[in-house]
Amino acid sequence: MGPIGVTKELAPFLPGHPVVECGGAKATGPVSASPYGSASILTISWAYIAMLGAEGLTRSTEMAILNANYLTKSLEEHYPILYRGANGLIAHEFILDLRPFRKSADITEEDVAKRLMDFGFHAPTMSWPVPGTMMVEPTESESKSELDRFVEAMITIRREIRDIESGKLDKEDNPLKNAPHTAQMVMDDDWSHPYSREQAAYPVAGLKERKFWPACARVDNAYGDRNLVCTCPPVEAYTESS
């Protein structure tokens, strides 16, 4: 929902619509039923505001800001944090600067994101609005125990990065570069990594009580964007047998 900004070179390729005249001169067709975006997003926003009411919306906003600042204060000794206000506070989200670790330990924001899966977290937004960073937005719905669990995970990951920096962990073969670790990986008879299976799968004690196992191991996220991969069956498969 909302306006889409593109350069003049891309303007001719803005999506069009078969009913409403819109898009560029070389439009390839619609990307959604609504000519200018997803109209359902407005319904979601309206329902959220209507159900909460003025008091509930105010309270939710306060909790979202409180949760974000709680995480900021808990992690500021471990990670650089970008764009704070005059009093060192932030709004409902904050940006962890992971760029220094690329130089010190060859660890990227993607490595941290994959490692978070071992802790049972879906990674926050990566490389937006600043490349090489992670933007965390806890929202108003997360409990303090869940916030503390995230803090513990991020501090543990920072400790692992520090071990790479000091040489305690191998720079190429370490828990971050190999994350996420699936159950099949950990249970396989062939374990050749210099760190333990326990560090791979249970980096914090709480995971032994409740563990979410990633469904697959590390994949190259950008490979499909850079290489044409056809998963269609051969043409012969569509031929009807006589």
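As the structure is a prediction and not an experimental result, all values here were calculated from the model.

Thresholds applied
Residues numbered from 1 in each chain as written. Predicted model: local features only at pLDDT ≥ 70, side-chain atom pairs only at ≥ 80, totals over all residues. Heavy atoms only, no water. Phe/Tyr/Trp six-rings, centres within 6.5 Å; stacked < 30°, edge-to-face > 60°. Helix = DSSP H or I, 4+ residues; strand = E, 2+ residues; numbered from the N terminus. Buried < 20%, exposed > 50% of the residue type's maximum accessible area, 1.4 Å probe, protein only. Lys NZ or Arg CZ within 6 Å of the ring centre and 35° of its normal. Core = buried A, V, L, I, M, F, W, Y, C linked by side-chain atoms within 4.5 Å. Contact = heavy atoms within 4.5 Å. Patch = residues over 30% accessible without salt bridge, like charges linked within 9 Å, V, L, I, M, F, W, Y side chains within 5 Å. Areas by Shrake-Rupley, 256 points an atom, 1.4 Å probe, with all protein chains shown as cover. Salt bridge = Lys/Arg side-chain N within 4 Å of Asp/Glu carboxyl O. Lys, Arg positive; Asp, Glu negative; His and termini not counted. Polar contact = N/O pair within 3.5 Å; in protein donor to acceptor, adjacent residues only side chain to side chain.

Draft legend 1. Region of interest: the packing of aromatic side chains. Using the criterion set out here, one finds four aromatic pairs in the structure. Plain terms: the ring middles of Y79 and F101 are 5.9 Å apart, the flat faces sit at 80° to each other, and that makes the pair edge-to-face. Here the residue Y79 occupies a position in the loop between α1 (40-75) and β1 (81-82), and F101 occupies one in helix α2 (residues 99-105), the gap between them amounting to 22 residues. Between Y202 and W213, the aromatic rings sit 6.0 Å apart at their centres with planes inclined by 85°, giving edge-to-face as the arrangement. With a gap of eleven residues between them, Y202 in the loop between α6 (197-201) and α7 (223-226) and W213 in the loop between α6 and α7 connect regions that are remote in the sequence. W213 sits in the partly exposed class, given a relative accessible area of 29%. Here the guanidinium or amino end of K211 rests over the ring plane of Y202, the centre of that ring lying 5.9 Å away. Here the basic side chain of K211 rests over the ring of W213, its NZ or CZ set 4.9 Å away from the ring centre.

Draft legend 2. Region of the structure containing the nonpolar core. If you look at the biggest cluster of nonpolar residues, it comprises 35 residues, and the most contacted ones within it are F94, L96, V112, L116, M154 and I157. When residues of this core are traced back to their parent elements, those giving at least two are α1, β2 (94-97), α2, α3 (109-118), β4 (133-136) and α4 (144-166). With eight residues, the top contributor of residues to this core is α4. Beyond its immediate stretch of four places on either side in the chain, I157 contacts Y79, V112, R115, L116, F119 and L176.

Draft legend 3. Seen up close, the environment of L57. Structurally, L57 can be placed in helix α1. It is 27 Å that separates the C-alpha atoms of L57 and L75, two residues lying 18 residues apart in sequence. Excluding its chain neighbours within four sequence positions, the residues that come into contact with L57 are Y48, I49 and L52.

Draft legend 4. Main features of a nonpolar patch on the surface. On the surface, a nonpolar cluster with roughly 260 Å² of combined accessible area is contributed by V6, L10 and F13. Along the chain, F13 turns up in the segment before α1. We classify F13 as partly exposed; its relative accessible area is 44%.

Draft legend 5. Just the side chain of K211, in detail. Position of K211 among the secondary structure elements: in the loop between α6 and α7. This buried residue, K211, is left without a salt bridge; D118 holds the nearest opposite charge, at 4.6 Å. Side-chain polar atoms of K211 contact the backbone oxygen of D118, separated by 2.7 Å. Polar contacts involving the side chain of K211 include one to the main-chain carbonyl oxygen of A201, which spans 2.8 Å.

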